[in-house]
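The lines below spell out each chain.
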Amino acid sequence: MSQTIADCKTRFEKYLNLNGALNDHVLFESNAFYILNDKKEKEFAVYANESKILADFFENSSVTEQLKLYKLKGLNKLSKKQLDSLVITMNDDSKLPKPNPSKPLYNIRIAIDPGHFSSNFEDSKVEGKYVKLVNEKARKKDTITLVEGQLTFLTAQVLKNMLEEQGAKVILSRNKENTTAFNQTYADWYKNRRNKVLDSLKQKKELDEDKYKILKQFPKEKLFWAFFRDYELMERVKKINGFYPHVSVIIHYNVDEKNSPWTTASNRNNSMCFISGAFGTKDLTRPSNKLHFLRLLLGKQVQQSETIGRLTMNSFEKNLKITRAKKTDTEYLAKNTLSTNYQGLFCRNLILTRCINSPLVYGESLYQDNAKECTMLSTCNYNDYGVKTSERVYLVAKSYYEAIMNYFKEPEVKISGR
Ligand SMILES: [Zn+2]
């Protein structure tokens, strides 16, 4: 199937260009589009006859290979021979395995990212991902403590088991509770690996001398915000992309933004999901981001993410019985997202939605600090698949599971693979 420059332009306007932020960075003409440099000069061109092969190339190659092509090609038109040789270099991992009637997800690769990493209150203080509140609205006014990294990990475990039962191959971006993607706690990483990592980044010139000196002296919490948070997310990306998933699910639990600092319960509750897109003005400055942008602009991943996102929102609504978020509900939705055709589903340019090379959904199923929700989430009344947790966590896992099952029944997914 071929695609036109107009198809790319439609995708650009609908999913990628946040309130016109990219108008000075991307130029569309009738038979080509261009990525512009800082001086607004044309730097990289995609001509109509190249767009389909380049789309496949960007979805089936590493960032290193992509950067090489970006620099070599520039504004040149690729010859027939060059286009043919690009096809040969691609690996074919995006194709779906042959269907198996008894196991609907047979050999399909699914990556799950359980958001954050702490599973207990003490460790979660560094990343600030907990709520500790007194529920004034409940009959029993006990203090409730919820740790997001624990909820996401339990959800991921239930979901993994459900998917494997249907024949899927599943990886988790972190394998043990209370550990980071580096298979250890942040405290251990800080104690044992921090110096080695910073030294090696300085040696590779990925950190300049000044920043290196500053980071070396940072205490645990400061280093988390200034360095580790994004560094660890990139490790998740590496693991997930190395697995060539047909679809990826990123699991988070939300809080009511207007209820900060979350010491009492809120009446509000919402579900929302994010997919890739919504690039802002500064989001194309780094070369690697231009490559992620090109992959999303050329290929079908954003539309396929919209499909898994739409199905996930439908499942959340059906199973959790919570309303869908509106763009006006929070400041980050109003400022940083583009609406899709489906309420509660937004394009947002987060590290994971940008860098993961597969269709994906980033789910924020509910508000942990909601009055009813916090009580339900802290009630351990579910025990299956070797996981003891609350029924709410099970229902969230079930929602992702149903969305994935439905996703692979969609005609457009069956035809084009991931
Ligand atoms: Zn989160």
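Because the structure is predicted, anything quoted here is derived from the model rather than measured.

**A look at the nonpolar core**
So, point 1. With 87 residues, the main nonpolar core has Ile110, Ile112, Leu159, Leu163 and Ala397 as its most contacted residues.
So, point 2. Considering each element in turn, this core owes the most residues, 10 residues, to helix 16 (residues 391–407).
So, point 3. Two domains each donate at least three residues to this core, and these are domain 1 (5–89) and domain 2 (109–416).
So, point 4. When sequence neighbours within four positions are dropped, the list of residues in contact with Leu159 reads Ile112, Ala397, Tyr400 and Tyr401.
So, point 5. By size, the runner-up hydrophobic cluster in this structure holds six residues, among which are Phe117, Tyr186, Trp189 and Leu223.

**With respect to helix 10 (residues 220–242)**
Each full turn of the α-helix corresponds to 3.6 residues, which orients residues three or four apart in the same direction.
So, point 1. The axis of helix 10 is deflected most strongly, by about 50 degrees, at Phe227.
So, point 2. For helix 10, every residue scored as buried is listed here: Leu223, Phe228, Glu232, Arg236, Val237 and Ile240.
So, point 3. Residues of helix 10 that are buried sit in contact with strand 4 (109–114), helix 7 (186–192), helix 9 (209–217), strand 8 (247–254) and helix 14 (351–355).
So, point 4. Just beyond helix 10, the residue with positive phi is Tyr244, at close to 45 degrees.

**Re the pairing of strand 7 (residues 169–172)**
So, point 1. Where burial is concerned, the two faces of strand 7 differ: the one with Val170 and Leu172 is buried and the one with Lys169 and Ile171 is not.
So, point 2. Direction of pairing for strand 4 relative to strand 7: parallel, over a ladder of four bridges. Note that in strand 7 the partner of Ala111 across the bridge is Ile171.

**Topic: helix 1 (residues 5–16)**
So, point 1. Those residues of helix 1 that sit buried are Cys8, Arg11, Tyr15 and Leu16. One side of helix 1 carries all its buried residues, which in axial view fall inside an arc of 70 degrees. Away from its buried face by more than 90 degrees, helix 1 exposes Ala6 and Thr10.
So, point 2. Residues of helix 1 that are buried make contact with strand 2 (32–36), helix 2 (51–59), helix 11 (287–298), helix 12 (301–320), strand 10 (337–339) and strand 11 (345–348).

**Some thoughts on the packing of helix 3 (residues 63–73) against helix 11**
So, point 1. Their axes nearest at 10 Å, the elements helix 3 and helix 11 cross at an angle of 95 degrees. Put simply, helix 3 runs roughly perpendicular to helix 11. Two secondary-structure elements touch here, helix 3 through Val63, Gln66, Leu67 and Tyr70 and helix 11 through Pro287, Ser288 and Leu291.
So, point 2. Taken together, the residues of the contact of helix 3 with helix 11 sort by class into five nonpolar, two polar and no charged.

**A closer look at unusual backbone geometry**
So, point 1. In this structure, Pro261 follows Ser260 across a cis peptide bond, with omega equal to 0 degrees.
So, point 2. Tracing the sequence through the fold places Pro261 in the loop between strand 8 and strand 9 (272–275).
So, point 3. The phi torsion at Asn178 lies on the positive side, around 65 degrees, for a residue other than glycine.
So, point 4. Even without being glycine, Tyr244 reaches a positive phi, approximately 45 degrees.
So, point 5. Its place among the elements puts Tyr244 in the loop between helix 10 and strand 8.

**Some details on the domain arrangement of the protein**
So, point 1. As assigned here, the protein comprises domain 1 (5–89) and domain 2 (109–416).
So, point 2. The gap between the C-alpha centroids of domain 1 and domain 2 is 29 Å.
So, point 3. Of all the secondary-structure elements, those providing two or more residues to the side of domain 1 that touches domain 2 are helix 1, helix 2 and helix 3.
So, point 4. For the side of domain 1 that touches domain 2, the residue count by class is 15 nonpolar, four polar and two charged.

**Details of the sheet that holds strand 1 (residues 26–29)**
So, point 1. Taken in spatial order, the three strands line up as 1-2-3 in an open sheet, and their pairing is antiparallel. The outermost strands of the open sheet, each flanked by one partner alone, are strand 1 and strand 3 (42–47). Neighbour to neighbour, the strand axes of the sheet diverge by 20 degrees on average, direction disregarded.

The rules we used
- Throughout this document, residue positions are counted from 1 along each chain, in the order its sequence is written.
- The predicted origin of the model limits local features to residues at a pLDDT of at least 70 and limits the giving and counting of side-chain atom pairs to 80 or more, whereas totals for whole chains, interfaces and linings rest on all residues.
- Each nonpolar core consists of buried Ala, Val, Leu, Ile, Met, Phe, Trp, Tyr and Cys residues. Their C-beta atoms, within 7 Å, join them into a set.
- Once C-beta atoms are placed from the backbone, each residue is buried if 20 or more other C-beta atoms lie within 10 Å of its own, exposed if 12 or fewer, and partly exposed for counts between those two.
- Strands here are runs of E lasting at least two residues and helices are runs of H or I lasting at least four, both read from the DSSP assignment and numbered beginning at the N terminus.
- Each domain's limits were defined by an automated method or a database of domain assignments.
- Placing a C-beta atom from the backbone of each residue, one calls two residues in contact when those atoms lie within 7 Å.
- The bend at a residue is defined as the angle formed between two axes, one fitted to the seven residues ending at that residue and one fitted to the seven starting there.
- We call two strands paired when DSSP finds no fewer than two bridges between them.
- By arc we mean the arc of the directions from the helix axis to the C-beta atoms, nothing more.
- Only C-alpha atoms enter the line fits that serve as axes; for helices the fit covers just the stretch in contact. Angles between N-to-C directions range over 0 to 180 degrees.
- Each angle is binned into one of four classes, with values under 35 degrees roughly parallel, values over 145 roughly antiparallel, values of 65 to 115 roughly perpendicular, and all other values oblique.
- Residues are grouped as follows: Ala, Val, Leu, Ile, Met, Phe, Trp, Tyr, Cys and Pro are nonpolar; Asp, Glu, Lys and Arg are charged; all remaining types, including Gly, are polar.

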